[in-house]
Amino acid sequence: MAGMTTVPSYAPSLWVRVCHALPRLDLAMQMRDNIFIPDSWEYQQTLLVLSSLSAIALVISLLVVLSFLIHYCCCHRGDRGEGSEEEEEDEDGSTGHGYSGKKGRGICCVTWVAVAAVTLCCVAIGIGFYGNSEANDGMYQLTSSLLTANYTLASIDLLISDTITGLQLSVSGPLTTMEELFTGSKPFLVSTRNCRRLSENVINLLSSISLAQSSVVTGLGNDTTNTLMVNEDYRWLSYVLLLLLDLIVCLFILLGLAKQARWLLILMTVLAWLALFLSWGSLGLETATVVALSDFCSDPNAFVLNSTNFNTGTSSDVLDYYLTCSRRMSSPFQQVLTQSQRALSNIHTHLSSLDRNALPQFSKAEKSLREVQQILNSTEGNFHQLVALLNCRGLNKDYIDSLKGLCYDGMEGLLYLSLYSFLSALAFTAILCSLPGAWRSFPSESEEYEDSDSESEDPFTSHQDSKRFLQWQPWL
């Protein structure tokens, strides 16, 4: 009884229900249903509208960055003259490096803004690595479950093919020979013909079962599953490269701020622009994928039932049996299997009767009779395996596992990737706004050269430094 209560089941998660409840608008800004119909142009329009939100956010980010660039380029033109006057007034209170107090506070402010943005970007990168791993785990569970289901379907087809081939060989070979030997004995001839008729009946019954060609549970063959695995590998690698790009940009920005290397920050600014476009672009793709996946995961049985029935022509009773695997439903193959089992049992009864009664009189029929019995034993073994594989529990478990991998881990991973893209886009927007102010506040090479020359030419500075050095040496 404990095994009967642990039937695997699937229920949409909270995130699936939340994303599925989002309103949908088409390109004409009219409300549309959220039923998962990927081939419908109206449904594709709703996904395009949701993806376009990231494009709007990208435009806003560009406007924000552009406003800051205009602020630095146009509004700070007079800062150099004012800064030089302040430096002359505060020359005695300076540290000897050519920075005024206002200028030092300015570079400190933009530097901390850049550091905070880089820190946010690093947090987003960590979230992205976790989300990429979760999405990959979900796709791996999906593809492995589909491969297992396809292997089961192929095994069913192979058992049916072997059983039919064996029965056909028995009909065309030893049973025909036995009919020729029992021509003079009507009872034995009738039993042999009954065996032929029952064998042909089993062949017809088993020929009506064909699941491997229709892919009843998944609707996906091994080729399609392998394609999914290859595409997932490319997707995972693409996100890893994107995350590494963001990480390299963040690390070198920190290095450029620490070393006050203007050329390095300019190079990282260019890469930050690239990362900004990639972040908003990936967010648009992730948004459309998350919403489409939530629509599918909210009612996957309906989509699989309609698409598989339309593409393969499999009956809805067979599909519903394997998709739901309810205890209240009987197997659609129950009648076929029962009739086949009875036919095989009757063949076995006729062969036992011939073994007892016919062989003492027709010793030449022993070889043919033994061949038929051997084929029948092999057929009964294949039949028992076929009955076990045709039960809905195995295929339904693979189907539920594939749904859990796609709709639980895969959905969670995509949500984390969406959060990563959003946070990284905000971080790079802040970085692009702060970096121009940071590298403009750095001293130029000419200023550093003049500072070094002034310090070397100042006799009082050199005399005071030597005096301090002598005072520091107690033995001199």
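Residues numbered from 1 in each chain as written. Predicted model: local features only at pLDDT ≥ 70, side-chain atom pairs only at ≥ 80, totals over all residues. Heavy atoms only, no water.

1. Observations regarding the packing of helix α3 (residues 41-74) against helix α9 (residues 262-298)
In the contact formed by α3 and α9, the axes pass within 9 Å of each other and the chain directions differ by 155°. In terms of orientation, α3 lies roughly antiparallel with respect to α9. Note on packing geometry: the crossing formed by α3 with α9 is right-handed. Between α3 and α9, the contacting residues are Tyr-43, Leu-47, Leu-50, Ser-51, Ser-54, Ala-57, Leu-58, Ser-61, Leu-62, Val-65 and Leu-69 on the first element and Trp-273, Leu-276, Phe-277, Trp-280, Leu-283, Gly-284, Thr-287, Ala-288, Val-291, Ala-292 and Asp-295 on the second. Tallied by class, the residues present in the contact of α3 with α9 amount to 16 nonpolar, five polar and one charged. (Axes fitted to C-alpha atoms, helices over the stretch in contact; angles between N-to-C directions. Helix = DSSP H or I, 4+ residues; strand = E, 2+ residues; numbered from the N terminus. Parallel < 35°, antiparallel > 145°, perpendicular 65-115°, else oblique. Left-handed = near helix turned anticlockwise from the far one by under 90°. Contact = heavy atoms within 4.5 Å. Nonpolar A, V, L, I, M, F, W, Y, C, P; charged D, E, K, R; others polar.)

2. Here we look at the pattern of salt bridges
One pass over the structure, following the stated rule, counts seven salt bridges. Residue Asp-401 is joined to Lys-397 by a salt bridge in which the shortest nitrogen-to-oxygen separation is 2.9 Å. Residue Asp-401 and its partner Lys-397 are located together in helix α14 (residues 392-441), separated by four residues, close to a single helical turn. We classify Lys-397 as partly exposed; its relative accessible area is 42%. (Salt bridge = Lys/Arg side-chain N within 4 Å of Asp/Glu carboxyl O. Buried < 20%, exposed > 50% of the residue type's maximum accessible area, 1.4 Å probe, protein only.)

3. Description of the state of the cysteines
Going through the model one piece at a time under the given rule, you end up with two disulfides. With a sulfur-sulfur separation of 1.9 Å, Cys-297 is cross-linked through a disulfide to Cys-407. Handedness here is read from the sign of the S-S torsion; for Cys-297 and Cys-407, about -85°, the answer is left-handed. Pair noted here: Cys-297 is in helix α9 and Cys-407 is in helix α14, with a separation of 110 residues, a long-range link. In this structure, Cys-297 and Cys-407 share a single accessibility class: buried. With a sulfur-sulfur separation of 2.1 Å, Cys-325 is cross-linked through a disulfide to Cys-392. Judged by the sign of its S-S torsion, about 65°, the cystine formed by Cys-325 and Cys-392 is right-handed. A residue pair is termed long-range when its members are at least 10 positions apart, and Cys-325 in the loop between α11 (316-324) and α12 (334-357) and Cys-392 in helix α14 qualify at 67 residues. Exposure remark for Cys-392: the relative accessible area of 5% places this residue in the buried category. Numbered by order of appearance in the sequence, the disulfide-linked cysteines of the protein pair as 1-4, 2-3. (Disulfide = S-S within 2.5 Å.)

4. Remarks on the nonpolar core
In terms of nonpolar packing, the biggest core is built from 43 residues, with Phe-182, Tyr-322 and Leu-390 touching the most fellow members. Of all the secondary structure elements, the ones that give two or more residues to this core are α5 (101-172), α6 (174-181), α7 (186-207), α11, α12, α13 (366-390) and α14. Counting residues in each nonpolar core, the second largest holds 34 residues, with Leu-243, Ala-275, Tyr-420 and Leu-423 among its members. (Core = buried A, V, L, I, M, F, W, Y, C linked by side-chain atoms within 4.5 Å.)

5. Description of the packing of aromatic side chains
The geometry of an aromatic ring pair is captured by the separation of the ring centres together with the interplanar angle, meaning the angle of the planes. Tallied over the entire structure, the rule returns 11 aromatic pairs. Pairing Phe-188 with Phe-362 gives two aromatic rings, centres 6.0 Å apart and planes at 90°, and the pair type is edge-to-face. With a gap of 174 residues between them, Phe-188 in helix α7 and Phe-362 in the loop between α12 and α13 connect regions that are remote in the sequence. A centroid spacing of 5.7 Å and a plane angle of 85° characterise the contact between Phe-296 and Phe-303, whose relative ring orientation is edge-to-face. Judged by its relative accessible area of 11%, Phe-296 falls in the buried class. Owing to a relative accessible area of 27%, Phe-303 belongs among the partly exposed residues under this scheme. (Phe/Tyr/Trp six-rings, centres within 6.5 Å; stacked < 30°, edge-to-face > 60°.)

6. A few points about the UniProt feature "transmembrane region" (unreviewed entry) in the protein
In this structure's numbering, the residues bearing the UniProt feature "transmembrane region" (unreviewed entry) are residues 47-70, 107-130, 236-257, 264-283 and 414-435. A distance of 32 Å separates the end C-alpha atoms of residues 236-257, which is 100% helix and 0% strand. In residues 264-283, helix accounts for 100% and strand for 0%; the two terminal C-alpha atoms are 28 Å from one another. (UniProt positions renumbered as here; feature names shortened; annotations may be inferred.)

7. Describing empty space enclosed by the protein
Considering all chains together, one arrives at one cavity of 30 Å³ or more under this definition. Estimated volume of the largest cavity: approximately 40 Å³. Of all the secondary-structure elements, those providing two or more residues to the lining of the largest cavity are α5 and α13. It is α13 that contributes the most residues to the lining of the largest cavity, three residues altogether. Considering only residue class, the lining of the largest cavity consists of six nonpolar, two polar and no charged. (1 Å grid on protein atoms, 1.4 Å probe; cavity = no way out; pocket = protein on both sides within 12 Å on 5 of 7 lines; lining within 4 Å. Points joined across faces, edges and corners; volume = space filled by probe spheres on them.)

8. Considering unusual backbone geometry
Phi is positive for Met-29, which is not a glycine, with a value near 60°. With a relative accessible area of 52%, Met-29 lands in the exposed category. Despite not being glycine, Cys-325 has its phi angle at roughly 50°, a positive value. Judged by its relative accessible area of 9%, Cys-325 is buried.

9. What to know about the packing of α6 against α7
At a closest axis distance of 9 Å, the pairing of α6 and α7 adopts a crossing angle of 160°. Judged by the angle between their axes, α6 and α7 are roughly antiparallel. Between α6 and α7 lies a crossing whose hand is left-handed. Along the contact surface, α6 presents Leu-175, Thr-176, Met-178 and Glu-179, while α7 presents Leu-189, Thr-192, Arg-193, Cys-195, Arg-196 and Ser-199. Residues that form the contact of α6 with α7 fall into these classes: four nonpolar, three polar and three charged.

10. Thoughts on the environment of Pro-174
The residue Pro-174 is located in helix α6 in this model. Among all residues touching Pro-174, those that are not within four sequence positions of it are Leu-169, Ser-368, Glu-371 and Val-372.

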